[in-house]
Amino acid sequence: MLIVSRKAGEQVMIGDDVVVTVVEVSGQTVRLGIEAPRSLPVYRAELWASVRDENRAAAASADDAPPLPEDA
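Residues numbered from 1 in each chain as written. Predicted model: local features only at pLDDT ≥ 70, side-chain atom pairs only at ≥ 80, totals over all residues. Heavy atoms only, no water.

1. Remarks on the pattern of salt bridges
Oppositely charged side chains are able to pair whenever their charged atoms sit close together. Worth spelling out the cut-off: Any carboxyl oxygen of Asp or Glu within 4 Å of a side-chain nitrogen of Lys or Arg constitutes a salt bridge here. Working definition: with a 1.4 Å probe on protein chains only, accessible area under 20% of the residue-type maximum means buried, over 50% means exposed, and in between means partly exposed.
One pass over the structure, following the stated rule, counts 4 salt bridges. Notably, a salt bridge pairs Arg 31 with Glu 24, separated by 3.3 Å at the nearest N-O pair. The shortest N-O distance in the salt bridge between Arg 44 and Glu 46 comes to 2.8 Å. By relative accessible area, which is 56% here, Arg 44 ends up exposed.

Following this line, the structure appears as structure tokens:
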């Protein structure tokens, strides 16, 4: 893990096309702005974990489903 110190208005580059900007620092809260290509999904970690778990559950459920008829 890379750890850097940034002040409000400063940026971090990730690769050639992702820019993370520190928008505001207030107490224990840091607001970040993220510029990334639309093809690159950007999620909060807790949301990503929830989506991943739901996808796994759906895939497991689909594996247990009876097969569709040949002409469907």
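2. Overview of the pairing of strand E1 (residues 11-14)
How we decide: Being paired, for any two strands, means DSSP has found at least two bridges between them. Helix numbers and strand numbers start at the N terminus; a helix is a DSSP run of H or I with at least 4 residues, a strand a run of E with at least 2.
Examined bridge by bridge, E1 and strand E2 (residues 18-26) share 4 bridges and lie antiparallel to one another. Paired with Val 12 across the two strands is Val 20, which belongs to E2. Between E1 and E2, which pair antiparallel and follow one another directly, the connecting turn spans 3 residues, one of which, Gly 15, has a positive phi of 65°.

3. Digging into the packing of aromatic side chains
How two aromatic rings sit relative to each other is set out by the distance from centre to centre and by the angle between their planes. Under the convention used in this document: Classification of ring pairs rests on two measures: the distance between centres of Phe, Tyr or Trp rings, Trp counted by its six-membered ring, which must be within 6.5 Å, and the angle between planes, read as stacked under 30 degrees, edge-to-face over 60 and tilted in between.
Counted according to the given criterion, the structure contains 1 aromatic pair. With centroids separated by 5.1 Å and ring planes inclined at 35°, the aromatic side chains of Tyr 43 and Trp 48 adopt a geometry described as tilted.

4. Topic: the side chain of Thr 21
The condition is simple: Two residues qualify as a contact provided that any one of their heavy atoms is within 4.5 Å of a heavy atom in the partner residue.
Along the chain, the position of Thr 21 falls in strand E2. Since its relative accessible area comes to 16%, Thr 21 is described here as buried. For Thr 21, the contacting residues outside a window of four places in its chain are Gly 9, Glu 10, Gln 11, Arg 31, Leu 32 and Gly 33.

5. Observations regarding a nonpolar patch on the surface
The cut-off we apply is this: Residues form patches when they are more than 30% accessible in relative terms and have no salt bridge. Like charges link within 9 Å. Nonpolar side chains (Val, Leu, Ile, Met, Phe, Trp, Tyr) link within 5 Å. Computed with the Shrake-Rupley method and a 1.4 Å probe, the accessible areas treat only the protein chains shown as cover for residues.
Together, Val 25, Val 30, Leu 32, Ile 34, Leu 40 and Val 42 make up a nonpolar patch on the protein surface, roughly 520 Å² of accessible area in all. For the nonpolar patch, the element with the most residues is strand E3 (residues 29-35), which contributes 3 residues. Within the secondary structure layout, Ile 34 lies in strand E3.

6. As for the sheet that holds E2
So the rule is basically this: Working convention: axes come from line fits to C-alpha atoms, limited for helices to the stretch in contact. Angles between N-to-C directions cover 0 to 180 degrees.
Pairing in this open sheet of 3 strands is antiparallel, and the strands run E1-E2-E3 from one edge to the other. In this open sheet, the two strands that pair with only one neighbour each are E1 and E3. Each adjacent strand pair in this sheet contributes to an overall mean axis angle of 25°, direction not counted.

7. Examining the pairing of E2
Pairing geometry for E2 and E3, over 7 bridges, is antiparallel. Following the sheet pairing, Val 19 is matched in E3 by Glu 35. Hairpin connection of E2 to E3: 2 residues between the antiparallel strands, including Gly 27 at a positive phi of 60°.

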